[in-house]
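Architecture at a glance
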Amino acid sequence: MFCYQCEQTAKGTGCTAFGVCGKSPEVADLQDLLIYLAKGVSMYAHRARQLGAVDRNVDVFVVEALFTTITNVNFDEARMEAMIRKAGEVREAAKKLYEDACRKAGKTPETLGGPAVFPVPSSRSEMINAGEKVNPEAGSEVHGEVVQGLRDLVLLGLKGSAAYMDHAKVLGYEKDELYGFIHEKMDFLAGESFTVDGLVGQAMDAGKWNISVMELLDAANTGVYGHPEPTKARVTGVKGKAILVSGHDLKDLDLLLQQTEGKGINIYTHGEMLPCLAYPGLKKYKHLVGNYGSAWQNQREEFEKFPGAILMTTNCIQKPKDSYLARIFTTGLVAWPGATHIGDGKDFSPVIEAALAAPGFDEDEEPHFINVGFARNTVMSVAGKVIDLVKAGKLRHFFLIGGCDGAKPGRSYYTDFATSVPDDCVILTLACGKYRFNKLEFGDIDGIPRLLDAGQCNDAYSAVRIALALADAFKTDINGLPLSLILSWYEQKAVCILLSLLYLGVKNMRIGPTLPAFVKEPVFKVLQEKFNLQPVTTVEQDLKAILG
Ligand code: FS2
Ligand code: SF4
């Protein structure tokens, strides 16, 4: 195996013996083979699309293949093997689609090679062997590690976009051109010769497309559940039976809320599901009582203590402890061998039964509430006041401190940064990194809370919209605003967001806690020169550099 796609990769260079995340070498190799075959699917699908022929099953498959290989989503060899077999079938369908389209157009189909024709191995062990030969390390031997790193920058960004597209899709929001984007990039990555400049251009282009992806998911979430509204979210337990929902999928939570109505079970969010508490279409359920716990990396302790059932709707799942393996469930693309998987019918009865069999909270915990729901609609509704505060010198600077959380000790930087931000500055936050400070008290500036939680990582779209609106009001661009972005990254959704911000020309971003292993030094230098992208240093030094 060789995997370096996330921030916790071994030694900061790559997991080679076993994933720090718990991914086995077998699963890693199977994932690499699946991605390789998915490129073959896209080679045909991209060409068919140029001739006007599309097949939704083909489109959806590639998106799911990408999403399923994101960090902390799928650890199950059997499910990976099944997807690889399906890749062979889908590739046949895509090939036929292309050849039929050529026939109709009176063209001779191109003879494609590589991933388009690679035979799908018949046994799991052969699949594992084949996967090992198409991993990033093998790619580095062919292309050199700088070029391979850039190919992976594009691929990992696509994985993030695919996750967002999948979330939008389950809510009934799809855009044909976005499937076209995924196929076009996968086809590009299936090529044989690359240049650094060409790859950097492709990465920026992926960032551009990802803005449309985030826009689609924003439209899906707000279209189905309404705009998040300022909400006091309870973050402690309430007496009674309980189910904890983690991951990122609003629809799964909605369906579970429907199926538990009137059953005397309280539903809690965990990790990136916290923003769900602010959507009118979800908070209307009285038994959605609050959030329990914090970010994903604390789940093994928090799930063990939680007195009910747990539902994982997407990443980030960690190896369940035996103490709760029987009461943790997966659904959608997330899977852990031994944890019961709820299939596409979304019958959550096993989760409900497990919750009823568990003790639940025997009494109310000490009440504690935090503010959530400051996505673009809410923040823009007070834009006039915010602008006045800036003009009056009462609000000096905005800090976007957001991104993923993780287990490394260096991540205390983000807590220290947030608590060191002067009182005349506002913090905008999103994604699970906010758990580093979102239960602290930050007060307000003339009624505007100093900590504004915009939502999940995808709500970076909301933050961008807010920034663009402010830039417009101040007749400047994003870089002309008193705004600094302090980003924490962990997995591949952070990669596509970073590419989008770079595409928008956002400069002076600070990223940490460490730099991606796949962005090699010469490439980082280019990003530094062009965008002044920089690694986080110390809170004192970074704050001084920003505020002067
Ligand atoms: Fe946090 Fe994990 Fe949201 Fe990432 S819950 S690191 O998937 O996408 O952010
Ligand atoms: Fe290692 Fe991260 Fe890959 Fe897991 S996802 S194997 S921790 S690099």
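Because the structure is a prediction, the values reported are computed rather than measured. (Residues numbered from 1 in each chain as written. Chains lettered and ligands numbered in written order. Predicted model: local features only at pLDDT ≥ 70, side-chain atom pairs only at ≥ 80, totals over all residues. Heavy atoms only, no water.)

Scanning the model with the defined rule gives 19 aromatic pairs in all. With a centroid separation of 5.7 Å and 80° between ring planes, the pair formed by tyrosine 268 and phenylalanine 306 is classed as edge-to-face. Residue tyrosine 268 is located in strand S3 (residues 265-269), and its partner phenylalanine 306 is located in the loop between helix H11 (299-305) and strand S5 (309-312); the two are separated by 38 residues in the primary sequence. Here the two residues tyrosine 268 and phenylalanine 306 agree in accessibility, since each one is buried. When the centroid spacing of 5.8 Å and the interplanar angle of 80° are considered together, the rings of phenylalanine 306 and phenylalanine 361 count as edge-to-face. Separated by 55 residues along the polypeptide, phenylalanine 306 in the loop between H11 and S5 and phenylalanine 361 in the loop between helix H13 (349-357) and strand S8 (369-372) bring together distant segments of the chain. Residue classification places phenylalanine 306 among the buried positions, given a relative accessible area of 1%. A connected cluster of aromatic rings, assembled from ring pairs, spans Phe2, Tyr4, Trp489 and Phe518. (Phe/Tyr/Trp six-rings, centres within 6.5 Å; stacked < 30°, edge-to-face > 60°. Helix = DSSP H or I, 4+ residues; strand = E, 2+ residues; numbered from the N terminus. Buried < 20%, exposed > 50% of the residue type's maximum accessible area, 1.4 Å probe, protein only.)

Across its 13 residues, helix H2 (residues 56-68) extends 18 Å between first and last C-alpha, which sits within 8% of the 18 Å expected from 1.5 Å per residue. Along H2, the residues classified as buried are Val58, Asp59, Val60, Phe61, Val62, Val63, Glu64, Ala65, Leu66, Phe67 and Thr68. Against helix H1 (25-50), helix H3 (77-105), helix H6 (145-170) and helix H7 (176-189) lie the buried residues of H2. For H2, the N-terminal cap is aspartate 55; the gap from its side-chain oxygen to the backbone nitrogen of asparagine 57 is 2.9 Å. (Expected span 1.5 Å × (residues − 1). Contact = heavy atoms within 4.5 Å. Polar contact = N/O pair within 3.5 Å; in protein donor to acceptor, adjacent residues only side chain to side chain.)

On to the UniProt feature "binding site: [4Fe-4S] cluster" (unreviewed entry) in the protein chain. The UniProt entry lists Cys3, Cys6, Cys15 and Cys21 under the feature "binding site: [4Fe-4S] cluster" (unreviewed entry), expressed in the numbering used here. These residues run over 19 residues, yet every pair of their C-alpha atoms falls within 10.6 Å of each other. Among the annotated residues just listed, those lining the second largest cavity are Cys3, Cys6, Cys15 and Cys21. By the secondary structure assignment, cysteine 3 is in the segment before H1. (UniProt positions renumbered as here; feature names shortened; annotations may be inferred. 1 Å grid on protein atoms, 1.4 Å probe; cavity = no way out; pocket = protein on both sides within 12 Å on 5 of 7 lines; lining within 4 Å.)

Attention now moves to the pattern of salt bridges. Pairing between side chains of opposite charge can happen when the charged atoms of each approach one another. Summed over all chains, the structure comprises 30 salt bridges. Between glutamate 7 and arginine 411 there is a salt bridge; the shortest N-O distance is 3.0 Å. With glutamate 7 in the segment before H1 and arginine 411 in the loop between strand S9 (397-403) and helix H16 (412-420), this pair connects stretches of sequence that are 404 residues apart. By relative accessible area, which is 3% here, glutamate 7 ends up buried. For arginine 411, a relative accessible area of 1% translates into the label buried. For lysine 434, the salt bridge identified is with aspartate 453, shortest N-O distance 3.1 Å. With lysine 434 in the loop between strand S10 (425-429) and strand S11 (444-445) and aspartate 453 in strand S13 (residues 451-453), this residue pair connects regions lying 19 residues apart in the sequence. Taking the relative accessible area as the measure of exposure, aspartate 453 reaches 4% and is therefore buried. Members of the salt-bridge network, linked through shared partners, are Glu77, Glu81, Arg85 and Arg124. (Salt bridge = Lys/Arg side-chain N within 4 Å of Asp/Glu carboxyl O.)

The next thing to look at is the site of ligand 1. Neighbouring ligand 1 are His248, Glu272, Trp296, Asn315, Cys316, Cys404, Cys432, Cys457, Tyr490, Glu491 and Lys493. Contact distances for ligand 1 include 2.7 Å between an oxygen atom and a side-chain N or O atom of glutamate 491. For the shell around ligand 1, the domains that each give at least three residues are domain 2 (231-357) and domain 3 (373-547). (Near = heavy atom within 4 Å. Domains from an automatic or database assignment.)

What follows deals with the site of ligand 2. If you check the shell around ligand 2, you find 13 residues, and the closest are Cys3, Cys6, Cys15, Cys21 and Thr71. Judged by the fraction of its atoms near the pocket grid, ligand 2 is located in the second largest cavity. Across the shell around ligand 2, the residue classes break down as seven nonpolar, five polar and one charged. (Sits in = over half its atoms within 2 Å of the grid points. Nonpolar A, V, L, I, M, F, W, Y, C, P; charged D, E, K, R; others polar.)

Turning next to the UniProt feature "modified residue: Cysteine persulfide" (unreviewed entry) in the protein chain. Residues given the UniProt feature "modified residue: Cysteine persulfide" (unreviewed entry) here are Cys404. Tracing the sequence through the fold places cysteine 404 in the loop between S9 and H16. Owing to a relative accessible area of 6%, cysteine 404 belongs among the buried residues under this scheme. Not counting residues within four places of it along the chain, the set of residues in contact with cysteine 404 comprises Arg411, Ala431, Cys432, Gly433, Ser488, Trp489, Tyr490, Glu491 and Ala494.

A few words on the environment of leucine 325. Tracing the sequence through the fold places leucine 325 in helix H12 (residues 322-325). Classification of leucine 325 by relative accessible area gives partly exposed; the value is 25%. As a C-alpha pair, leucine 325 and tryptophan 336 span 11 residues in sequence and 9.7 Å in three-dimensional space. Non-local contacts of leucine 325, meaning those with residues more than four positions away in its chain, are made with Pro320, Gly338 and Ala339.

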